[in-house]
Amino acid sequence: MDDSEHVTAADVRLMQGLAQRVTAVRPDLVNSDATYGELAWNWGKGHASDGASWLRRLWFSGDDLVAWGWARLPHRVRRSDGSVKDVTNAYLTYQVHPDHTLLVDEVIDWYDGVAVGIERTVMPGATDGFALERWAAHGYATDQASLGDTGSWTQLNERDLHDVERPVLPDGFGFRTADEAGPQAAVRAHVDAWAPTTYTAEAYEGVRGTPPYRGDLHVLVEAPDGTMAASTIMWLDEANKSAEFEPVGTHPDYRRLGLGRAMLLHGMHLARAAGARHMTVACLGASGHPKARGLYYSVGFREFTRDAPLIKTGRQGG
């Protein structure tokens, strides 16, 4: 299992297991795309449409996975408004257990090998000093474009679930779960919030089939006219008694009504009832993206760690 292969559902389960083990000892080393919940979300919604452009390599110590790399290679994206976008660069998600840090060089060499001649990006954790040194030694530099006011770096936010405020919705609005509302409503809620998006009914079926998805932890807000005005999924990591919001979105016609805030508070109560004692949510951290960050801060989240965007151009070779 050491050679490059397309990513499978079994691979993702192994990656999630490593995410849980790293979270238990060094949660600051788990970057935003390598968390237990984010792995499930990205695999579930994307493998049917994009899986042909995904390659991975796994590194083991005995029977235990201790490092992995997941390269997303150039591909074509089709969105809900009929538009098509060609992704021409490569992007790597990876994780290395802190007891096996020397494998970072092998991950980098593998990535350079499968994406040779292509612009390559990666986002290691900003606290992972050893990894940042190794990426720099291989020719990767800070992606200055990502660090601008509207840049794309991500911060991970956290809070405990001890004293969670009670949610309050406007009159006529109510909470539903995806189990109650059904697949069509769940898909529509996401598409309305994120349009244009690649999300489809097929993507949602992939999400539903990816552990640890639970329909009772997939929350929607129903408007008086029956529209699903907001939605979020919570991914419960039972081993670490933690849960993650991903994604969180509100229909543009129903924003600035307090729905997102109420939904997050309601979700945290559900997560706590399911056994979570800790909650995380990621957002864009650049100053030009204040809305989501402000929403999460308003319900008690604070920045825990962040990614460090790096880039290597195709001209730099190997």
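Before reading further, recall that the structure is shown in the block above.
Residues numbered from 1 in each chain as written. Predicted model: local features only at pLDDT ≥ 70, side-chain atom pairs only at ≥ 80, totals over all residues. Heavy atoms only, no water.

### Brief notes about the sheet that holds strand S8 (residues 141-142)
Then, in step 1: Pairing is mixed across the open sheet formed by seven strands, whose spatial order is S1-S2-S3-S6-S7-S16-S8. Looking along the sheet, the strands with just one partner apiece sit at the ends: strand S1 (5-6) and S8.
Then, in step 2: With eight bridges connecting them, strand S2 (residues 54-61) and strand S3 (residues 64-72) associate as antiparallel partners. The partner of Arg 56 across the bridge, within S3, is Trp 70.
Then, in step 3: Each of S1, S2, S3 and strand S6 (90-96) touches helix H1 (residues 9-25); the most contacted strand, S3, lies at about 120 degrees to it. (Pairing = 2+ DSSP bridges. Helix = DSSP H or I, 4+ residues; strand = E, 2+ residues; numbered from the N terminus. Contact = heavy atoms within 4.5 Å. Axes fitted to C-alpha atoms, helices over the stretch in contact; angles between N-to-C directions.)

### Thoughts on helix H2 (residues 36-50)
Then, in step 1: Between the first and last C-alpha of H2 there are 20 Å, a value that for 15 residues agrees with the 21 Å anticipated at 1.5 Å per step.
Then, in step 2: Of all the bends found along H2, the most pronounced is centred on Gly 44 and spans about 30 degrees.
Then, in step 3: Of all the residues in H2, the buried ones are Tyr 36, Gly 37, Glu 38, Leu 39, Ala 40, Trp 41, Asn 42, Trp 43, Gly 44, Gly 46 and Asp 50. (Expected span 1.5 Å × (residues − 1). Bend = angle between axes of the 7 residues up to and from the residue. Buried < 20%, exposed > 50% of the residue type's maximum accessible area, 1.4 Å probe, protein only.)

### Section: the layout of surface pockets
Then, in step 1: The computed volume of the second largest pocket comes to approximately 270 Å³.
Then, in step 2: As for the second largest pocket, its lining consists of 19 residues, of which Thr 23, Pro 27, Ser 242, His 278 and Thr 280 are closest to the centre.
Then, in step 3: Secondary-structure elements contributing two or more residues to the lining of the second largest pocket are H1, H2, strand S9 (154-160), strand S12 (228-237), strand S13 (242-250) and strand S14 (278-284).
Then, in step 4: For the lining of the second largest pocket, the per-class residue count stands at nine nonpolar, seven polar and three charged.
Then, in step 5: Each of domain 1 (5-151 + 308-312) and domain 2 (159-305) gives at least three residues to the lining of the second largest pocket. (1 Å grid on protein atoms, 1.4 Å probe; cavity = no way out; pocket = protein on both sides within 12 Å on 5 of 7 lines; lining within 4 Å. Points joined across faces, edges and corners; volume = space filled by probe spheres on them. Nonpolar A, V, L, I, M, F, W, Y, C, P; charged D, E, K, R; others polar. Domains from an automatic or database assignment.)

Read these as geometric descriptors, not functional statements.
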